[in-house]
Amino acid sequence: MRSNIGKWALGLAILLLCLTAQALNPAVRLEDLNHARWTEKNGAPSEIGSMAQTPDGWLWLGTPDGLYRFDGIRFERYPLKLNRVQTLRALDNGDLLISFKPDGLLILHADGKVTGITPPPRQLGAVESMDVDRDGAIWALTFQGLHRYRHGKWQTIATGVEWADHVQSVLVDQYGRVWAANRRHLYHYDPERDSMVRVEGEGMQGGLLQSPDGRLWISGADDRVRPVPVPSSPRTLPREPNFNQAEARSVGQFDRDGNLWAILCPKGVCRLNRVGELAGRALDPARHASERLDQPWQLTGLVTTGVLEDREGNIWVATRSGLDRFRENKLVTTRISALNGEYSVARGADGRLWLAEWGTRDIWTIGADGLAVRDPHRKGTSLTNDRDGALLIAGARDIERIHEGRSTRIPLPTVAGKPADLTVLGVQDDGKVLWMASFQTGLMGWVDGQWLPRDRFPLPPRFYMSAVAGPGQLWLSNNDGSLTFSDNGQLKRYDIALVGQESGLFPGPQMVVSGEHGVAVMRNGTFELLGPRDEEALRNVSGMAITPDGDRWLNGARGLVRVRRADWEAALRQPSAPLVYELLDALEGYPGRAVLSNRQPSIYNMGNGLLWLRTSGGMVRLDTTALRPNLVKPVVRLLRVTTDKQAYPAQASLLLPPDSRSFNIQYTAPGLRKPEGIRFQYILEGGDTQWQDAGTRRAAYYTNIGPGRYLFKVRAVNEDGIGGEVEAALRLEVAPRMMQTWWFYLGCVAAAALALFALYQYRLKRATAAIARQLQVRMDERERIARALHDTFLQSVHALMLRAGAVLERLPQGSEARGQLEAILGDADRAMNEGRDQVQQLRNGHDLEQRLHQAGSALAALHPPTAFGIAAEGLPRPLSPPVQEELCAIAVEALRNAFQHANAAHVTVRIAYNDDALRLTVADDGRGLDPEEVRERHKERHFGLVGMSERARYVGAAIEVSTAPGQGTVIALSVDAALCYG
């Protein structure tokens, strides 16, 4: 399974992790711990018989109804082929050993795979206890005895009737020694003899457990817990770092501070503080428990089945009815048996906190132990500290001043000249005047040994709250949105309406005021809110303190707010930006909210990092120097992907069916100390452009996601901002519907191309047909003209010639008249031949090659430097006369331009009779055409190229002119075969 070196390396890493986790302070009473409970009403299973925590943080629960896992928020039943779980054992490689009733043994691997193990030989009943040694062998106890599973085979190490009992325990210690116990005896394994050796001594039977120093303990038949005598070792090692997480112990557990949490003592659970540090002493939990929880309202059930300490230092107690968790709160409440809990508070020079209870006028002190003690010799209603730090206690007739161990008294003013008991509402020393207010006298000031009435001082007509800034300096709020600064009689007003009704005035490095809308700080003579208006945690702050590290602590509507020094300074630079803070609320033991009733500060700074808070739930203590972050890094686990139709396990790679446009991805990070404080961020690469802040939500929701491949990643930080080492990732593919596949898109493109091609062909045929009809109209017209010429003009000329021939025959030979008439008849015959040629041309057109050869030769004769050539390719075919005429005209115009303007050495005509089209090219090697020259010739009304284009368009021919200055010109004509071949 794993080498010794690997196991010790991993063990060392876990040990370092455990050393950073907080244990439960035994000085904190059980009733002051954060106690959470889960029953079936909260989703927890009942009859939890076993517990274990794997290194990824999951808390596993074995019940008769199956295996459950818990991430701190939600219980989830884990599906297995077997259900009735008997025992759980977590291994440091992430595996979980599970035994079942009546038999069965499985290994649930960290990746979710399950491996079955054949049962031990002649097994009768379930495996009651199991462990794994350094070589990876499984040691299992059944009613038949002790068995070892190694190399795929079981071996029985010990057997006998004494093992036929449910009280069984097997343990592999930090030295690799194997211990096994039942109700009668304790044994250890001798590898040389390959057998078990009995350990003698009183109480050497029952359940095994270990204290943090590595000592082995056993719970005997008399329910006492005794250390086990073990062989000497060259060096003393502490217990395995994951010992307490590997499995719950049915007799109890020593936590990492050596406190013994024992069960059934005689009922419920009890704690014996620091007893793991005692040497060689038998412990009796029922008699020696420091504290116990043995009442029905204190646990989910008084029949407890096991205790486990998790990797974050929480203690878990399983009962028949549910599950209980205990962890230390950062805030500790001090209980005072007072009448109404309305206090005036001040700090004593001896480090004690002094309180005056309004209803009874009792005086209480709280020392370093956090216990409140009533002073039977003093009474008072109001406390404060004067300019020298002395404690002032306002009673009914005088103010007692306690300074450096000495007590003096200042008499209170008389009423109507007679001594009277006063109800003092408050006292305050500004360094020059000692102020006192009572129901009977109103506000008065003690100056130079006498009390002066309010009208002797330059004060605002009314004020609601006050705070001392310096000698003779007071900040006075008026409950009307204004604040007055009284500087030795000089008054200056400020606007603080932005905070609403004020709840606190806090002079210091910056003047800070608070109220129903938040906290404001003075900048450049005006007050500005820190963060957004009505931020709930910053509302109605009634106390503020600055600890030596520069952090600010604000006592407000939601609890205690901590603003670290750097965050405070950043807020001063940009007050409108959100204020970064940490909130200690009810989840950390804060009871209620900050008090506002007596308008006195609700935080008292003892100067050594110790803060006292006045809350609606009583006095609360916070030792800021003892705050340690939870350094256990969260391990994110992906759970499932849920679509509208089905849920899928979140494996390493997942293919969703077509049309999965909307889905959610559920994830978690098992954290058992404060799971409500774990925060998540996630991103869907291919869908999101940046990380999404999910807060404490444990699901990511997506809609309108198209088909494709995506990568989902999620990360987490715990309640103290400690991030996990790795991000959980899931490769996700949404399969396309048929209409979203690439081949469907390709088919659509091909179909569209075919449709466009068909449309093109259709339009081409239509255009070709239209041109053909136009050409046919021209041809019909030419034939009509040819018939008309033949039937009228030529016939008339022929008739005239016959009549002239008849006249000629009557004229004498050699006569001048006969000679003239013969010449006329010769001209008429030639005219007839020309007419017949014209009729033939109208019907059949010119011979294209011959016509171009004649035109080119004639032009070459006129331009001797330019040579002319003509070539034909393919089998010559008869052409439609209209097309033939237009092509001749275009080509002749091209030849004329080439000979006259190109200054070419060669002009060539090429005729290609192709099956699909006739192609005619006129090329020269002259100076080419300049576009600017073409535009100028257009302006001069030279339209040769325009005319050629018009002629080509008329017969459906495509014309292309290729030219460049100095590179000659090529004019290419192409006519579809259907248009040109007659």
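Only a predicted model underlies this, so the values are computations on that prediction, with no experimental measurement involved.

Thresholds, definitions, all that
- Residues numbered from 1 in each chain as written.
- Predicted model: local features only at pLDDT ≥ 70, side-chain atom pairs only at ≥ 80, totals over all residues.
- Heavy atoms only, no water.
- Pairing = 2+ DSSP bridges.
- Helix = DSSP H or I, 4+ residues; strand = E, 2+ residues; numbered from the N terminus.
- Axes fitted to C-alpha atoms, helices over the stretch in contact; angles between N-to-C directions.
- Buried < 20%, exposed > 50% of the residue type's maximum accessible area, 1.4 Å probe, protein only.
- Arc of directions from axis to C-beta.
- Contact = heavy atoms within 4.5 Å.
- Salt bridge = Lys/Arg side-chain N within 4 Å of Asp/Glu carboxyl O.
- Core = buried A, V, L, I, M, F, W, Y, C linked by side-chain atoms within 4.5 Å.
- Disulfide = S-S within 2.5 Å.
- Patch = residues over 30% accessible without salt bridge, like charges linked within 9 Å, V, L, I, M, F, W, Y side chains within 5 Å.
- Areas by Shrake-Rupley, 256 points an atom, 1.4 Å probe, with all protein chains shown as cover.
- UniProt positions renumbered as here; feature names shortened; annotations may be inferred.
- Lys, Arg positive; Asp, Glu negative; His and termini not counted.
- Expected span 1.5 Å × (residues − 1).
- Parallel < 35°, antiparallel > 145°, perpendicular 65-115°, else oblique.
- Left-handed = near helix turned anticlockwise from the far one by under 90°.

1. Some words on the sheet that holds strand 17 (residues 195–199)
Then step 1. Overall, antiparallel pairing links the four strands, which are arranged 14-15-16-17 in an open sheet. Only two strands of the sheet have a single partner each, and these edge strands are strand 14 (168–172) and strand 17. For this sheet, the mean inter-axis angle between neighbouring strands, taken without regard to orientation, is 25 degrees.
Then step 2. Sheet analysis places strand 16 (residues 186–190) next to strand 17, joined by five bridges and oriented antiparallel. Bridged to D190 within strand 17 is S195.

2. Looking at helix 4 (residues 565–573)
Then step 1. W568, A571 and L572 are the residues of helix 4 that are buried. Take helix 4 and look down its axis: the buried residues cluster within an arc of 100 degrees, on one side only. Facing away from the buried side of helix 4 by over 90 degrees, the exposed positions are A566 and R573.

3. Points about the sheet that holds strand 53 (residues 603–605)
Then step 1. Pairing in this open sheet of four strands is antiparallel, and the strands run 28-55-54-53 from one edge to the other. Strands at the two margins of the open sheet, each flanked by one partner only, are strand 28 (332–334) and strand 53. Adjacent strand axes in the sheet meet at a mean angle of 25 degrees when their direction is disregarded.

4. A look at the environment of T643
Then step 1. By the secondary structure assignment, T643 is in strand 56 (residues 637–643).
Then step 2. Looking at T643, the relative accessible area reads 12%, which means it is buried.
Then step 3. Placed 220 residues apart in sequence, T643 and T423 show a C-alpha to C-alpha distance of 69 Å.
Then step 4. Other than its neighbours up to four places away in sequence, T643 contacts Y648, L656, S660, S662 and F663.

5. Digging into the pattern of salt bridges
Then step 1. Enumeration over the complete set of coordinates arrives at 55 salt bridges.
Then step 2. With a closest N to O distance of 3.5 Å, E200 and R198 form a salt bridge.
Then step 3. Residue R919 pairs with D916 through a salt bridge whose shortest N-O separation is 3.4 Å.
Then step 4. Exposure remark for D916: the relative accessible area of 46% places this residue in the partly exposed category.

6. Brief notes about unusual backbone geometry
Then step 1. With an omega of -5 degrees, the peptide bond between K101 and P102 qualifies as cis.
Then step 2. With respect to the secondary-structure elements, P102 resides in the loop between strand 7 (96–100) and strand 8 (105–108).
Then step 3. Residues other than glycine seldom take positive phi values, yet R361 does so here, at roughly 65 degrees.
Then step 4. Secondary-structure assignment places R361 in the loop between strand 30 (353–357) and strand 31 (362–366).
Then step 5. According to the relative accessible area criterion, R361 is partly exposed, its value standing at 25%.
Then step 6. Here the phi dihedral of N540 falls at roughly 50 degrees; this positive angle occurs in a residue that is not glycine.
Then step 7. If you trace the backbone, N540 turns up in the loop between strand 48 (526–529) and strand 49 (543–546).

7. A few points about the nonpolar core
Then step 1. Formed by 36 residues in total, the largest nonpolar core has its most connected members in L848, L852, L887, L895, I911, L918 and L920.
Then step 2. Those elements that place two or more of their residues in this core are helix 7 (848–862), helix 8 (881–901), strand 66 (906–913), strand 67 (917–924), helix 10 (944–954), strand 69 (969–976) and helix 11 (977–980).
Then step 3. For this core, the element with the highest residue contribution is helix 8, accounting for 10 residues.
Then step 4. Among all residues touching L918, those that are not within four sequence positions of it are L848, L879, L887, I911, A912, Y913, L973, S974, V975, C980 and Y981.
Then step 5. Core analysis: the next-biggest nonpolar cluster, separate from the first, contains 27 residues, I665, A694, A700 and A728 among them.

8. What about the state of the cysteines?
Then step 1. According to the stated counting rule, one finds one disulfide in the structure shown.
Then step 2. What pairs with C265 in a disulfide is C270, and their sulfur atoms sit 2.2 Å apart.
Then step 3. Judged by relative accessible area, C265 falls into the buried class, the value being 2%.

9. Some remarks on a nonpolar patch on the surface
Then step 1. A contiguous nonpolar surface patch, about 640 Å² in accessible area, is contributed by M738, M739, W742, W743 and L746.
Then step 2. Of note, L746 is situated in helix 5 (residues 742–810).

10. Comments concerning the UniProt feature "transmembrane region" (unreviewed entry) in the protein chain
Then step 1. The feature "transmembrane region" (unreviewed entry), as given by UniProt, occupies residues 742–760 in the numbering adopted here.
Then step 2. Secondary structure content for residues 742–760 is 100% helix and 0% strand, while the C-alpha to C-alpha distance between its ends is 26 Å.

11. A look at the side chain of R325
Then step 1. Mapped onto the elements of the fold, R325 is located in strand 27 (residues 322–327).
Then step 2. No salt bridge is formed by the buried R325. Its closest oppositely charged neighbour is E676, at 5.3 Å.
Then step 3. If near-sequence neighbours (up to four positions away) are discounted, R325 is found in contact with N34, H35, A36, W38, N314, I315, W316, L672, R673 and P675.

12. Concerning helix 7
Residues spaced three or four apart along an α-helix point in a common direction, a consequence of the helix completing one turn every 3.6 residues.
Then step 1. Here helix 7 is 15 residues long and its end C-alpha atoms lie 21 Å apart, about the 21 Å a rise of 1.5 Å per residue gives.
Then step 2. Buried within helix 7 we find L848, L852, A855, G856, L859 and A860. Seen along its axis, helix 7 keeps its buried residues to an arc of 135 degrees; they face one direction.
Then step 3. Structurally, helix 7 contributes buried residues whose contacts are with strand 65 (867–873), helix 8, strand 66 and strand 67.

13. A word on the packing of helix 7 against helix 8
Then step 1. Between helix 7 and helix 8, the shortest axis-to-axis distance is 10 Å and the interhelical angle comes to 20 degrees. Here helix 7 is positioned roughly parallel relative to helix 8, judged by the angle of their axes. Seen from above, helix 7 lies across helix 8 with right-handed handedness. Touching L848, R851, L852, A855, G856, L859 and A860 of helix 7 are Q884, L887, C888, A891, V892, L895, R896 and F899, all from helix 8.

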